[in-house]
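# Results of the structural survey
Here is how the chains run, residue by residue.
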Amino acid sequence: MRDIHIKSSQPEKTVPLLKDAIERERKLILHSISVTKTKVDNLTASLNISVPQILRGEVTRTPENEQELLELEGELAILQHLEGELANIEELQVCP
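Described in the following lines is the structure provided in the data block. Note that the structure is predicted; figures quoted are calculated from it, not measured.

Of regular secondary structure, the chain possesses three helices and zero strands. Going from the N terminus to the C terminus, the chain shows its helices and strands as α-α-α. The C-alpha radius of gyration of the chain comes to 19 Å, more than 25% above the 12 Å expected for a compact globule of 96 residues. Its C-alpha atoms put the chain at 60 × 25 × 15 Å along the principal axes. Taking all 96 residues of the chain together, the buried fraction comes to 21%. Considering only contacts in the chain between residues 6 or more positions apart, those separated by 24 or more positions represent 62%. Carbon and sulfur atoms make up 53% of the accessible area of the chain, which totals about 7,400 Å². A gap of 10 Å separates the mean positions of the 11 positive and 17 negative side-chain charges of the chain.

What follows is the structure, given as structure tokens:
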């Protein structure tokens, strides 16, 4: 882990601002993850498949399910990105 330094003429005000901003971002990401997981759950239920099946390429594509499969793949990519962002933000430490 590397340090990042921020200079401020009023560190007593800056530190709480940074902590609040990080916490707000964490909450936004958690909300986005929740929404995305709901979309994934709805799509997998509609397609009658599981996430592992789609990830292993075991789902037969048809003209009828192609659009939903593309949407599901997109949501899974978004979920992976959000989970990476959450992991990154959760390791941040503001050290006054």
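Following the structure, the description resumes.
Attention now moves to the pattern of salt bridges. Taken as a whole, this structure holds five salt bridges when the rule is applied. Among the salt bridges present, the one from E73 reaches R61, with a minimum N-O distance of 2.1 Å. Taken together, the residues E73 in helix α3 (residues 66-90) and R61 in the loop between α2 (51-55) and α3 connect sequence positions 12 residues apart. Among the charged side chains, a network of salt bridges with common partners joins E23, R26 and E90.

What follows concerns α3. Over its 25 residues, α3 runs 36 Å from end to end, which matches the ideal 36 Å to within 8%, given 1.5 Å per residue. Taken residue by residue, α3 has L69, L72, E75, L76, L79, L82, L86 and I89 as its buried positions. For α3, the secondary structure elements touched by its buried residues are α1 (11-47) and α2.

A positive phi is found at N48, a non-glycine position, where the angle reads about 60°. Here N48 is to be found in the loop between α1 and α2.

Moving on, we get to the layout of surface pockets. Space inside the largest pocket adds up to approximately 620 Å³. In terms of lining residues, the largest pocket is bounded by 18 residues, among which I4, H5, Q93, V94 and C95 are the most central. For the lining of the largest pocket, a count of residues per class yields 11 nonpolar, four polar and three charged.

Cut-offs used in this document
- Residues numbered from 1 in each chain as written.
- Predicted model: local features only at pLDDT ≥ 70, side-chain atom pairs only at ≥ 80, totals over all residues.
- Heavy atoms only, no water.
- Helix = DSSP H or I, 4+ residues; strand = E, 2+ residues; numbered from the N terminus.
- Rg over C-alpha atoms; globule rule 2.2 N^0.38 Å.
- Buried < 20%, exposed > 50% of the residue type's maximum accessible area, 1.4 Å probe, protein only.
- Contact = heavy atoms within 4.5 Å.
- Areas by Shrake-Rupley, 256 points an atom, 1.4 Å probe, with all protein chains shown as cover.
- Lys, Arg positive; Asp, Glu negative; His and termini not counted.
- Charge placed at Lys NZ, Arg CZ, Asp CG, Glu CD.
- Salt bridge = Lys/Arg side-chain N within 4 Å of Asp/Glu carboxyl O.
- Expected span 1.5 Å × (residues − 1).
- 1 Å grid on protein atoms, 1.4 Å probe; cavity = no way out; pocket = protein on both sides within 12 Å on 5 of 7 lines; lining within 4 Å.
- Points joined across faces, edges and corners; volume = space filled by probe spheres on them.
- Nonpolar A, V, L, I, M, F, W, Y, C, P; charged D, E, K, R; others polar.

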